[in-house]
Amino acid sequence: MSTGTGQLLRTRQEKLAALRARGIDPYPRRCTRSHRSDEAVAAFLAAEAEGKLGTDGEGPPVEVTGRILSWRGHGRSAFAHLEDGGGRLQVYFRRDILGRESFATLPLLDLGDWIGVAGVLFRTRTGEVTVRVARWRILSKSLRPLPLAKVEVDPETGARTVHSGFADRQSRYRRRYADLAVHPEVRDVFRVRAGVVAGLRRALDDRGYLEVETPALQPLYGGAAARPFTTYHNALGTTLYLRIADELYLKRLIVGGFERVYEIGKDFRNEGIDRTHNPEFTMLEFYEAFADYRRMMELVELLVHEVTLEVTGGPDIDYQGARVSTAPPFARTTFYGALASALGEDAAGLDDDALRVRTAAATGEAPDEGDGRGRLLDRLFSALVEPALVQPTFVTDYPTELSPLAKTKPGEPGVVERFELFIAGREIANAFSELNDPIDQRARLEAQAGSGRAGDDEAHPVDEDFLRALEYGMPPTGGVGIGVDRLVMLLTDSASIRDVILFPVLRPEEGR
RNA sequence: GCGCCGCUAGCUCAAUUGGCAGAGCAACUGACUCUUAAUCAGUAGGUUCGGGGUUCGAUUCCCUGGCGGCGCACCA
């Protein structure tokens, strides 16, 4: 630890000791408050509107609690801003009101301390509603300086200008508590996140869906193409995996007779980390018996629209400079149709070698030797089509090679009944008419397992129990997966998934 | 995994061709009873990410390692 930090910490320790020496408990057991800061201001404004202010313009007495964010001392008086769950409130200390002893204790406070103050509200000369403090008490001493920025507020527009501050992204994720303490806008992101999850849950509950919980610890993983995290259960003496998708368990529940089920939970994928990938992430999956992918498309359209309205107050989303409208209906295109428009020719008619050439041209790199047809099509689509899908767009009818759990489309060989929803160039939802033919499903899973033996380490093992469930009989079913984190990114204009996950996965901190 | 950029005081950042390592904020001391990026005067705070090299001299140039950001690749 550098000398600088040591000094800062030591100074605060000394103030802590000085408080105790004066018989003050820096961490009292209890405290009281009458108003949150926003409620206090509202109470003052109400009294003012009703002409109930005192002769000196004083409003109602309040008792508020908060963290000290700024301090402006003026000799025998001082101004500070406190922050609590309701926002910021200015407080004003005067020696002639507090008395010598109470006032003389103020220098033992630091930015970051929690205090409680009691007094009447008034307006300062500049018009700010402020507590004229008659009594104050420390509620919790801060021993480590918060990376507080200076904030300049334009009195006319209310626009905030932040001077210096806490900018290092990794430090902010690592010390999220400090990031949150210092950045109200970060707290807002997670309020929106909670609203999105609540909105999705309500929308599904209202439509007769049953919320369920399926295992995160699984003896076999499946339902997506991803490498799993592996763990070990001591008592059973067996390997377990953290789930990579909920899909196969939720379909077992449809077999069991629940007609509409959903789960909002964590999936875990042992893969790289980047702007749109965190190793653990939140997935919403929902399945509806007697529905197909077209019905699910309408449902997804409504869900996205409803949640957007709820969270933003309107149908539009501003994401990274683009304005997106979630007003239904969303655009619809087919996988091969969109690809043909972008490519200038029909990809379905190209042989693998030609596809390989087109892919190399589109991505600027030669595809891997082992890439199969499905993989090539996927890469080509990602490079040529996805970035252009800014307005909400359903892409339907994917190649069978990419979709081992989806029903084929009648009359269109090589295509399955599947859609993905893209917004702002990102995949938000993935859905299909679920394959319920146990024999076809077995054949496709075994083909996947075969490619696993051939070296594709993301293909799955065959889940015999899942196939047994299908053999009992699963009704026609539509299923959808929505990446909740990515939806929250859109709705909060966040560039990185780490900005919408409170504690994203990071390399462990070295040393202390 | 590859490429580019970066790592200097608690925070945000400077430092000329390679020539005494600086500023603002935070902290500390003092002044100041309506301030709000408060102001004014002063003080302290540094393994310039680590290691090696070139040089009279390295924050600066070279090599190497670490960490991070961004982009690419990967991610049915």
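Residues numbered from 1 in each chain as written. Chains lettered and ligands numbered in written order. Predicted model: local features only at pLDDT ≥ 70, side-chain atom pairs only at ≥ 80, totals over all residues. Heavy atoms only, no water.

## Some points on the overall build of chain A
Selection rule: The helix count covers DSSP runs of H or I at least four residues long, the strand count covers runs of E at least two residues long, and both are numbered beginning at the N terminus. Working rule for contacts: check all heavy atoms of both residues, and any pair within 4.5 Å makes them a contact. For accessible areas, the Shrake-Rupley method is used with a probe of radius 1.4 Å. Any residue's cover is judged against the shown protein chains and nothing else. We count Lys and Arg on the positive side and Asp and Glu on the negative side, and we leave His and both chain ends out. To locate a charge, take NZ of a lysine, CZ of an arginine, CG of an aspartate or CD of a glutamate.
Helices and strands together make up the secondary structure of chain A, namely 15 helices and 20 strands. Each principal axis of the C-alpha atoms in chain A carries an extent, and together these give about 90 × 55 × 50 Å. Restricting the contact set of chain A to residue pairs at least 6 apart, pairs at least 24 apart contribute 64%. Carbon and sulfur atoms provide 51% of the accessible area of chain A, an area that totals close to 25200 Å². Charge-centre separation for chain A: the mean point of 66 positive side chains lies 11 Å from the mean point of 77 negative side chains.

## What to know about the sheet that holds strand S4 (residues 114-123)
In sheet architecture, strand pairing relies on hydrogen bonds along the backbone and comes in two forms, parallel and antiparallel. Rule in force here: Pairing between strands is defined by DSSP: at least two bridges between them are needed. Note on definitions: angles span 0 to 180 degrees between N-to-C directions of axes, and those axes are lines fitted to C-alpha atoms, for helices only across the stretch in contact.
Read around the barrel, five strands follow the order S1-S2-S3-S5-S4 and close on themselves; strand pairing throughout is mixed. Recorded for the sheet is a direction-independent mean angle of 55 degrees between the axes of neighbouring strands. As paired elements, strand S3 (residues 87-94) and strand S5 (residues 129-140) share three bridges and run parallel to each other. By the bridge assignment, Tyr92 is partnered in S5 with Arg132. Together, strand S1 (61-73), strand S2 (77-84), S3, S4 and S5 form the strand contacts of helix H2 (residues 37-49), whose direction differs from that of S4 by roughly 15 degrees.

## Focus: the nonpolar core
Selection criterion: The nonpolar core is taken to be a set of buried Ala, Val, Leu, Ile, Met, Phe, Trp, Tyr and Cys residues, with the residues joined through side-chain atoms within 4.5 Å. Relative accessibility decides the category of a residue: with a 1.4 Å probe and only protein chains considered, values under 20% of the type maximum give buried, values over 50% give exposed, and everything between is partly exposed.
In this structure, Leu284, Phe286, Val300, Leu421 and Ile482 are the most contacted members of the largest nonpolar core, which totals 45 residues. Not counting residues up to four positions away in its chain, the partners in contact with Phe286 are Leu204, Tyr209, Val261, Tyr262, Met296, Leu299, Val300, Leu303, Gly478, Gly479, Val480 and Ile482. With 37 residues, the next largest nonpolar core counts Leu350, Leu376, Val385 and Ala406 among its residues.

## Notes on a nonpolar patch on the surface
Applied cut-off: Here a patch means residues that are over 30% exposed by relative accessible area and free of salt bridges, tied together within 9 Å if like-charged and within 5 Å if nonpolar (Val, Leu, Ile, Met, Phe, Trp, Tyr). Here a salt bridge means any side-chain nitrogen of Lys or Arg lying within 4 Å of a carboxyl oxygen belonging to Asp or Glu.
A contiguous nonpolar patch, built from Val151, Val153 and Val162 and spanning about 210 Å² of accessible area, is present on the exposed surface. Inspection of the secondary structure assignment puts Val151 in strand S6 (residues 150-153).

## A closer look at the side chain of Asp463
The following threshold applies: Polar contact is defined as a pair of N or O atoms within 3.5 Å, subject to the rule that within protein one atom must be able to donate a hydrogen and the other to accept it, and that residues adjacent in sequence are counted only when both atoms are side-chain atoms.
You can see Asp463 is positioned in the loop between helix H13 (438-453) and helix H14 (464-472). Its relative accessible area of 8% is what places Asp463 among the buried residues. A distance of 3.1 Å separates a polar atom in the side chain of Asp463 from the backbone nitrogen of Phe466. Beyond its immediate stretch of four places on either side in the chain, Asp463 contacts Leu220, Leu248 and Arg252.

## Here's the deal with the environment of Asp56
Mapped onto the elements of the fold, Asp56 is located in the loop between H2 and S1. Asp56 gets classed as exposed once you look at its relative accessible area, which sits at 65%. Taking the C-alpha atoms as reference points, Asp56 and Phe122, separated by 66 residues in sequence, lie 8.4 Å from one another.

## Observations regarding the packing of helix H7 (residues 184-206) against helix H15 (residues 484-492)
Defined as follows: The scheme is simple: roughly parallel for angles under 35 degrees, roughly antiparallel for over 145, roughly perpendicular for 65 to 115, oblique for anything else. Handedness of each helix crossing follows the sense of rotation of the near helix against the far helix: counterclockwise by less than a right angle gives left-handed, clockwise gives right-handed. In this count, Pro and Cys sit with the nonpolar residues alongside Ala, Val, Leu, Ile, Met, Phe, Trp and Tyr, while Asp, Glu, Lys and Arg are called charged and the others, Gly among them, polar.
Where H7 meets H15, the axes come as close as 10 Å, and the angle between the chain directions of the two elements is 125 degrees. Of the possible angle classes, the one that applies to H7 and H15 is oblique. Helix-helix and strand crossings are classified by hand; for H7 and H15 the assignment is right-handed. Listed contacts from H15 to Val189, Val192, Arg193, Val196, Val197 and Leu200 of H7 are Val484, Asp485, Leu487, Val488, Leu491 and Thr492. The residue inventory of the contact of H7 with H15, partitioned by class, reads nine nonpolar, one polar and two charged.

## A few points about helix H12 (residues 373-384)
Each turn of an α-helix holds 3.6 residues, which means side chains three or four residues apart point in the same direction. Heads up, the condition is: One less than the number of residues in a helix, times 1.5 Å, gives the span that helix is expected to have.
Across its 12 residues, H12 extends 16 Å between first and last C-alpha, which sits within 8% of the 16 Å expected from 1.5 Å per residue. Inspection of H12 places Gly374, Leu376, Leu377, Arg379, Leu380 and Phe381 among the buried residues, and these make up the whole buried set. Residues of H12 that are buried sit in contact with helix H10 (335-343), helix H11 (352-363), strand S17 (393-399) and strand S18 (415-423).

## Looking at the domain arrangement of chain A
In plain terms, the rule: Domain limits in this description derive from either an automatic procedure or a database domain assignment.
Looking at chain A, the domain boundaries give domain 1 (3-162) and domain 2 (186-330 + 391-499). Domain 1 and domain 2 are separated by 48 Å when their C-alpha centres are compared.

## Side note on the pattern of salt bridges
One pass over the full model with this rule turns up 43 salt bridges. A salt bridge links Glu288 to Arg260; its shortest N-O distance comes to 3.2 Å. Within this pair, whereas Glu288 is found in strand S13 (residues 280-289), its partner Arg260 is found in strand S12 (residues 260-268), the two being separated by 28 residues in sequence. One connected set of salt bridges, linked through shared partners, spans Arg12, Lys15, Asp110, Asp113 and Lys141.

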